[in-house]
Amino acid sequence: MTQDELKRAVAEAAVSHIKGMLNNDTIVGVGTGSTTNLFIDALARIKHIFDGAVASSVATAERLKAHNIPVYELTSVDKITVYVDGADESNANLQLIKGGGGALTREKIIAAVAEQFVCIVDDSKLVDILGQFPLPVEVIPMARSHVARELVKLGGAPEYRHDFVTDNGNIILDVYNLDIQQPIALESRINDIVGVVCNGLFAARPADVLLVGSDTGVQQINNPRNP
């Protein structure tokens with residue numbers, strides 16, 4: 001199967017997985033990225049059985065609206081039953097690197113609110129140790145140089161993501177060469193740097209369920225903390 005076919009298969013599996021959780025009052029959190037776009041397209045077929053969605057980015061909101069799925073602001077909803085999103089990497093503990101698309105801060109906020117976080121990936125995203133994919137860090141623009149120097153002290157090699165502005169009006173530093181042996185500790189340490197808005201480690205709040213597309217089908221992996 002091609003990577004696009006794997007993404008489509010796992011997107012369809014995500015709709016099947018969450019369908020039993022949905023009712024007329026349900027709000028679905030929806031992430032950002034190519035795999036999530038395919039999930040949105042599949043979700044549109046069952047839009048009549050849930051209330052609407054909260055989007056992690058402007059692009060996601062536009063795609064949902066194009067399918068006539070109501071989009072709500074997070075501040076206007078009581079709860080999010082399930083959040084579905086992709087990832088750039090996942091380890092065996094379902095701790096993730098996200099933010100290749102630049103929506104990491106809003107994604108992390110929705111993941112924190114959601115009762116269940118379902119992550120959808122193809123098997124190329126599975127790693128033993130996080131950090132092969134550069135870690136995105138959202139930064140207040142005036143703090144760019146300061147944050148970069150602090151990231152170098154942590155052993156990283158930050159690169160400014162040119163010609164990119166987040167939906168929050170900030171910039172992204174992509175940090176290479178991090179060997180992320182202790183994801184929760186590093187997530188906290190980076191967030192403590194003055195000028196950092198958020199970083200793409202989803203370790204303190206990992207996924208609850210990982211759906212992995214491969215040539216042999218879609219495998220469901222439950223978080224070992226929530227068997």
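Q: For this particular structure, what's the right way to read the nonpolar core?
A: The nonpolar side chains of soluble globular proteins are, as a tendency, buried together. Ile18, Val30, Phe39, Leu43, Val84, Val118 and Ile120 are the most contacted members of the largest nonpolar core, which has 27 residues in total. For this core, the elements supplying multiple residues, two or more each, are helix H1 (3–18), strand E1 (27–30), helix H2 (34–43), strand E2 (52–55), helix H3 (58–66), strand E4 (82–85), strand E7 (116–122) and strand E13 (209–214). When sequence neighbours within four positions are dropped, the list of residues in contact with Phe39 reads Ala11, Ala14, Val15, Ile18, Val30, Val84 and Ile120. Within the second largest apolar cluster, 20 residues are counted, among which are Val127, Val175, Leu186 and Val196.

Q: Is there a simple way to explain the side chain of Asp208 in this structure?
A: By the secondary structure assignment, Asp208 is in the loop between strand E12 (201–202) and E13. Within polar-contact distance, the side chain of Asp208 engages the backbone nitrogen of Phe117 at 2.8 Å. A distance of 2.9 Å separates the side chain of Asp208 from the side chain of Arg205, its partner in a polar contact.

Q: It is not clear to me how the sheet that holds strand E10 (residues 171–176) should be interpreted in this structure. Could you clarify?
A: Backbone hydrogen bonds hold the strands of a sheet together, and the pairing may be parallel or antiparallel. Within the open sheet, the 4 strands sit side by side as E9-E10-E8-E11. Their pairing is antiparallel. In the strand order of this sheet, the two ends are held by strand E9 (157–160) and strand E11 (196–199), each with one partner. Looking at each pair of strands side by side, their axes are set apart by 30° on average, direction ignored. Relative to E10, E9 is paired through 4 bridges, and the arrangement is antiparallel.

Q: Would you explain the pairing of E1 in this entry?
A: Regular strands show a simple pattern: their side chains alternate between the two faces of the sheet. Every second residue of E1 is oriented toward a common face, with Ile27 and Gly29 on one face and Val28 and Val30 on the other, all of them buried. The sheet contact formed by E1 and E2 spans 4 bridges and is parallel. Within E2, the position partnered with Gly29 by the bridge is Val54. Here 3 bridges tie E1 to E4, and the two strands are oriented parallel to one another.

What counts, and at which threshold
- Residues numbered from 1 in each chain as written.
- Predicted model: local features only at pLDDT ≥ 70, side-chain atom pairs only at ≥ 80, totals over all residues.
- Heavy atoms only, no water.
- Core = buried A, V, L, I, M, F, W, Y, C linked by side-chain atoms within 4.5 Å.
- Buried < 20%, exposed > 50% of the residue type's maximum accessible area, 1.4 Å probe, protein only.
- Helix = DSSP H or I, 4+ residues; strand = E, 2+ residues; numbered from the N terminus.
- Contact = heavy atoms within 4.5 Å.
- Polar contact = N/O pair within 3.5 Å; in protein donor to acceptor, adjacent residues only side chain to side chain.
- Pairing = 2+ DSSP bridges.
- Axes fitted to C-alpha atoms, helices over the stretch in contact; angles between N-to-C directions.

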